[in-house]
Amino acid sequence: MTYLLRSDWGAEQPRHRTVMNANPKGIALHWVGARIKEDRDPADVARSIQRYHQKTRGWSDVAYQEMVALDGTALQGRGFGIRSAANGGRWLNSKYGAICLLMGPGQDPSAAMIEQVRHRIEEWRKRYPKATRIVGHGDLKKTSCPGDEIRDLITRGVFDPGN
(Lines give C-alpha, C1' and ligand atoms only; values in the text may rest on other atoms or scores of the structure.)
Protein backbone atom coordinates (compact mmCIF):
# COMPACT_ATOMS: atom_id res chain seq x y z
CA MET A 1 0.00 0.00 0.00
CA THR A 2 1.34 3.39 -0.98
CA TYR A 3 1.87 5.97 1.76
CA LEU A 4 3.04 9.48 0.87
CA LEU A 5 4.71 11.61 3.51
CA ARG A 6 4.15 15.37 3.43
CA SER A 7 7.43 15.85 1.59
CA ASP A 8 6.37 13.26 -1.03
CA TRP A 9 3.21 15.14 -2.00
CA GLY A 10 4.69 18.63 -1.74
CA ALA A 11 2.91 19.89 1.38
CA GLU A 12 3.47 23.46 2.49
CA GLN A 13 4.82 23.97 6.01
CA PRO A 14 2.15 24.36 8.71
CA ARG A 15 1.92 27.71 10.50
CA HIS A 16 1.77 25.91 13.86
CA ARG A 17 1.00 22.49 15.33
CA THR A 18 -0.85 21.28 18.40
CA VAL A 19 -0.04 17.87 19.81
CA MET A 20 -2.89 15.34 19.80
CA ASN A 21 -4.60 14.50 23.08
CA ALA A 22 -3.05 11.41 24.68
CA ASN A 23 -6.48 9.77 25.19
CA PRO A 24 -8.68 10.22 22.11
CA LYS A 25 -11.90 8.23 21.70
CA GLY A 26 -11.52 7.28 18.05
CA ILE A 27 -11.31 8.39 14.45
CA ALA A 28 -13.77 10.40 12.37
CA LEU A 29 -14.08 9.74 8.65
CA HIS A 30 -14.62 12.67 6.30
CA TRP A 31 -14.95 13.14 2.57
CA VAL A 32 -14.05 15.96 0.22
CA GLY A 33 -17.71 16.44 -0.68
CA ALA A 34 -16.93 16.91 -4.38
CA ARG A 35 -16.42 14.24 -7.02
CA ILE A 36 -12.75 13.45 -7.55
CA LYS A 37 -11.81 11.96 -10.91
CA GLU A 38 -10.41 8.49 -10.34
CA ASP A 39 -7.34 9.20 -12.47
CA ARG A 40 -6.48 12.46 -10.69
CA ASP A 41 -3.14 12.43 -8.91
CA PRO A 42 -3.76 12.09 -5.12
CA ALA A 43 -0.82 14.43 -4.42
CA ASP A 44 -2.49 17.11 -6.57
CA VAL A 45 -5.75 16.67 -4.65
CA ALA A 46 -3.94 16.93 -1.30
CA ARG A 47 -2.13 20.12 -2.38
CA SER A 48 -5.42 21.60 -3.53
CA ILE A 49 -7.11 20.82 -0.21
CA GLN A 50 -4.17 22.22 1.77
CA ARG A 51 -4.14 25.39 -0.34
CA TYR A 52 -7.87 25.88 0.29
CA HIS A 53 -7.52 25.26 4.03
CA GLN A 54 -4.51 27.56 4.46
CA LYS A 55 -5.16 30.36 1.99
CA THR A 56 -8.97 30.53 1.82
CA ARG A 57 -9.95 29.33 5.30
CA GLY A 58 -6.90 30.79 7.07
CA TRP A 59 -6.12 27.55 8.91
CA SER A 60 -2.59 26.57 9.92
CA ASP A 61 -2.50 23.47 7.71
CA VAL A 62 -4.60 20.86 5.93
CA ALA A 63 -7.28 19.96 8.48
CA TYR A 64 -6.96 16.14 8.34
CA GLN A 65 -4.35 13.93 9.89
CA GLU A 66 -4.43 11.67 6.85
CA MET A 67 -6.14 11.40 3.46
CA VAL A 68 -6.90 8.30 1.37
CA ALA A 69 -7.46 8.26 -2.39
CA LEU A 70 -9.70 5.94 -4.41
CA ASP A 71 -6.61 4.10 -5.70
CA GLY A 72 -5.67 3.26 -2.08
CA THR A 73 -2.87 5.82 -1.75
CA ALA A 74 -2.66 7.26 1.77
CA LEU A 75 -1.23 10.73 2.28
CA GLN A 76 0.08 12.14 5.53
CA GLY A 77 -1.79 15.29 6.46
CA ARG A 78 -1.01 16.71 9.87
CA GLY A 79 0.03 13.24 11.01
CA PHE A 80 -1.46 11.18 13.82
CA GLY A 81 0.60 12.90 16.52
CA ILE A 82 -0.85 16.32 15.64
CA ARG A 83 -4.42 17.35 16.50
CA SER A 84 -6.77 17.68 13.52
CA ALA A 85 -8.87 20.73 12.73
CA ALA A 86 -11.60 18.89 10.84
CA ASN A 87 -14.13 17.68 13.38
CA GLY A 88 -15.97 20.85 14.35
CA GLY A 89 -14.26 22.33 17.38
CA ARG A 90 -11.29 22.05 19.69
CA TRP A 91 -12.88 19.50 22.01
CA LEU A 92 -13.94 17.24 19.11
CA ASN A 93 -10.52 17.61 17.49
CA SER A 94 -8.85 16.58 20.74
CA LYS A 95 -11.06 13.49 21.08
CA TYR A 96 -11.11 12.24 17.47
CA GLY A 97 -8.57 11.90 14.72
CA ALA A 98 -9.58 12.71 11.15
CA ILE A 99 -9.11 10.74 7.95
CA CYS A 100 -10.46 12.28 4.74
CA LEU A 101 -11.58 10.00 1.92
CA LEU A 102 -10.79 11.74 -1.36
CA MET A 103 -14.21 11.26 -2.95
CA GLY A 104 -17.61 12.91 -3.12
CA PRO A 105 -21.31 12.42 -3.84
CA GLY A 106 -22.19 9.55 -6.15
CA GLN A 107 -18.84 7.86 -5.66
CA ASP A 108 -18.39 4.62 -3.78
CA PRO A 109 -15.18 3.86 -1.91
CA SER A 110 -13.08 1.37 -3.87
CA ALA A 111 -11.84 -1.88 -2.36
CA ALA A 112 -8.31 -0.37 -2.31
CA MET A 113 -9.56 2.71 -0.46
CA ILE A 114 -11.42 0.63 2.11
CA GLU A 115 -8.40 -1.60 2.67
CA GLN A 116 -6.12 1.42 3.16
CA VAL A 117 -8.56 3.15 5.54
CA ARG A 118 -8.75 -0.05 7.61
CA HIS A 119 -4.95 -0.15 7.67
CA ARG A 120 -4.69 3.51 8.70
CA ILE A 121 -7.23 2.96 11.50
CA GLU A 122 -5.20 -0.05 12.63
CA GLU A 123 -2.11 2.21 12.77
CA TRP A 124 -4.12 4.82 14.70
CA ARG A 125 -5.11 2.18 17.25
CA LYS A 126 -1.49 1.11 17.71
CA ARG A 127 -0.70 4.67 18.73
CA TYR A 128 -3.94 5.16 20.73
CA PRO A 129 -5.13 1.68 21.87
CA LYS A 130 -8.23 3.00 23.67
CA ALA A 131 -9.38 5.04 20.65
CA THR A 132 -11.64 2.37 19.21
CA ARG A 133 -14.64 4.35 17.94
CA ILE A 134 -15.07 4.93 14.21
CA VAL A 135 -17.57 7.67 13.41
CA GLY A 136 -18.56 9.84 10.51
CA HIS A 137 -18.01 13.57 10.76
CA GLY A 138 -21.79 13.97 10.84
CA ASP A 139 -21.91 11.92 14.06
CA LEU A 140 -19.90 14.66 15.76
CA LYS A 141 -21.36 17.78 14.16
CA LYS A 142 -24.48 18.44 12.12
CA THR A 143 -23.22 17.98 8.57
CA SER A 144 -23.82 15.72 5.58
CA CYS A 145 -20.15 14.68 5.67
CA PRO A 146 -19.09 11.92 4.97
CA GLY A 147 -22.08 11.13 2.77
CA ASP A 148 -24.55 8.28 2.84
CA GLU A 149 -22.23 5.76 1.18
CA ILE A 150 -19.49 6.11 3.79
CA ARG A 151 -21.91 6.45 6.69
CA ASP A 152 -23.55 3.14 5.70
CA LEU A 153 -20.16 1.40 5.57
CA ILE A 154 -19.25 2.78 9.02
CA THR A 155 -22.53 1.48 10.44
CA ARG A 156 -21.87 -1.97 8.93
CA GLY A 157 -18.37 -2.03 10.44
CA VAL A 158 -16.61 -2.22 7.06
CA PHE A 159 -13.81 0.18 8.09
CA ASP A 160 -13.11 -1.55 11.39
CA PRO A 161 -9.87 -3.53 11.09
CA GLY A 162 -11.13 -5.80 13.89
CA ASN A 163 -13.98 -7.11 11.72
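Fair warning: this is a prediction, and the values are worked out from it, not measured in the lab. (Residues numbered from 1 in each chain as written. Predicted model: local features only at pLDDT ≥ 70, side-chain atom pairs only at ≥ 80, totals over all residues. Heavy atoms only, no water.)

Participant: Looking at this structure, I do not really get the pattern of salt bridges. What am I missing?
Facilitator: Side-chain pairs of opposite charge can arise whenever the charged atoms involved come near each other. Per the stated rule, a full pass over the model turns up eight salt bridges. Its salt-bridge partner being Asp44, residue Arg47 comes within 4.0 Å of it at the nearest N-O pair. Separated by three residues within a single helix, Arg47 and Asp44 lie in helix α2 (residues 42–56), roughly one turn from each other. Residue Arg47 is classed as partly exposed on the basis of its relative accessible area of 29%. (Salt bridge = Lys/Arg side-chain N within 4 Å of Asp/Glu carboxyl O. Helix = DSSP H or I, 4+ residues; strand = E, 2+ residues; numbered from the N terminus. Buried < 20%, exposed > 50% of the residue type's maximum accessible area, 1.4 Å probe, protein only.)

Participant: Looking at this structure, I do not really get helix α6 (residues 147–155). What am I missing?
Facilitator: Structurally, the α-helix is built with 3.6 residues per turn, so residues lying three or four positions apart point the same way. Along α6, the residues classified as buried are Gly147, Ile150, Leu153 and Ile154. Projected down its long axis, α6 shows its buried positions confined to an angular sector of 105°, all on one face. Exposed positions of α6 whose direction lies more than 90 degrees from the buried face are Asp148 and Thr155. Where α6 is buried, its residues touch β2 (26–31), β5 (96–101), α4 (111–127) and β6 (133–136). Positive backbone phi, at 80°, marks Gly157, one or two positions downstream of α6. (Arc of directions from axis to C-beta. Contact = heavy atoms within 4.5 Å.)

Participant: Looking at this structure, how should I read the layout of surface pockets?
Facilitator: The probe, sized like a water molecule, is rolled over the atoms to show the empty space still left. In this structure, the largest pocket encloses a volume near 520 Å³. Forming the walls of the largest pocket are 25 residues, and the residues nearest its centre are Tyr52, His53, Trp59, Ala63 and Tyr64. When residues of the lining of the largest pocket are traced back to their parent elements, those giving at least two are β2, α2 and α3 (90–95). No other element matches α2, which puts five residues into the lining of the largest pocket. Split by residue class, the lining of the largest pocket holds 13 nonpolar, eight polar and four charged. There is about 190 Å³ of room inside the second largest pocket. What lines the second largest pocket is simply His16, Thr18, Gly58, Trp59, Ser60, Arg78, Arg83, Ser84, Ala85, Arg90 and Asn93. Residue composition of the lining of the second largest pocket, by class: two nonpolar, six polar and three charged. (1 Å grid on protein atoms, 1.4 Å probe; cavity = no way out; pocket = protein on both sides within 12 Å on 5 of 7 lines; lining within 4 Å. Points joined across faces, edges and corners; volume = space filled by probe spheres on them. Nonpolar A, V, L, I, M, F, W, Y, C, P; charged D, E, K, R; others polar.)

Participant: How do you make sense of the sheet that holds β6 when you look at a structure like this?
Facilitator: Note: strands within a sheet are paired through backbone hydrogen bonds, in either parallel or antiparallel orientation. One open sheet holds the six strands; their spatial order is β1-β4-β3-β5-β2-β6, and the pairing between them is mixed. On the outer flanks of this sheet lie β1 (3–4) and β6, each paired with one strand and no other. Note: strand β3 (residues 66–68) against β5, three bridges, orientation parallel. Paired with Glu66 across the bridge in β5 is Ile99. (Pairing = 2+ DSSP bridges.)

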